Amino acid sequence: FYSFFKSLVGKDVVVELKNDLSCDTRCVSPQYLNIKLTDISVTDPEKYPHMLSVKNCFIRGSVVRYVQLPADEVDTQLLQDAARKEALQQKQ
């Protein structure tokens, strides 16, 4: 899963946090499951006006609820292969 997560570098994604904050952003550097983001824009600026001035941030992985990817950016074959390998390693 981490190798797939590293493939998000430079991609535009939507990151939704557990506090319901959702940001359209560009993923710069996934470090383990933490994420460094640039070019952030809040999807609901009326609800989070204090976030309008934030352009770059580092998010701890434990506060991320979802990372939404564009469908054309997802390599399902790579993801399925990684899941199979992980499942085989857990059985051994």
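Residues numbered from 1 in each chain as written. Predicted model: local features only at pLDDT ≥ 70, side-chain atom pairs only at ≥ 80, totals over all residues. Heavy atoms only, no water.

- If you look the protein chain up in an unreviewed UniProt entry, it shows as U6 snRNA-associated Sm-like protein LSm2 from Crypturellus undulatus.
- According to the UniProt record, the Function (unreviewed entry) comment for the protein chain is "Plays a role in pre-mRNA splicing as component of the U4/U6-U5 tri-snRNP complex that is involved in spliceosome assembly, and as component of the precatalytic spliceosome (spliceosome B complex). The heptameric LSM2-8 complex binds specifically to the 3'-terminal U-tract of U6 snRNA."
- The UniProt entry for the protein chain carries the following text under Sequence similarities (unreviewed entry): "Belongs to the snRNP Sm proteins family." (UniProt positions renumbered as here; feature names shortened; annotations may be inferred.)

**Things to note about the pattern of salt bridges**
- Per the counting criterion, the structure on display carries four salt bridges.
- Between Asp-20 and Arg-65 there is a salt bridge; the shortest N-O distance is 2.8 Å. Remark: Arg-65 occurs in strand β5 (residues 64–68) and Asp-20 occurs in the loop between β1 (12–17) and β2 (22–31); sequence separation between them is 45 residues.
- By relative accessible area, which is 42% here, Asp-20 ends up partly exposed. (Salt bridge = Lys/Arg side-chain N within 4 Å of Asp/Glu carboxyl O. Helix = DSSP H or I, 4+ residues; strand = E, 2+ residues; numbered from the N terminus. Buried < 20%, exposed > 50% of the residue type's maximum accessible area, 1.4 Å probe, protein only.)

**A short note on the sheet that holds β5**
- Taken together, the five strands give an open sheet; going across it, the order is β4-β3-β2-β1-β5, and neighbouring strands pair in antiparallel fashion. The sheet is open, and its two edges are formed by β4 (57–59) and β5, each paired on a single side. Taking the axes of each pair of neighbouring strands and ignoring which way they run, one obtains an average angle of 45° across the sheet.
- Examined bridge by bridge, strand β3 (residues 34–42) and β4 share three bridges and lie antiparallel to one another. Counterpart to Ile-35 in the pairing with β4 is Ile-59. (Pairing = 2+ DSSP bridges. Axes fitted to C-alpha atoms, helices over the stretch in contact; angles between N-to-C directions.)

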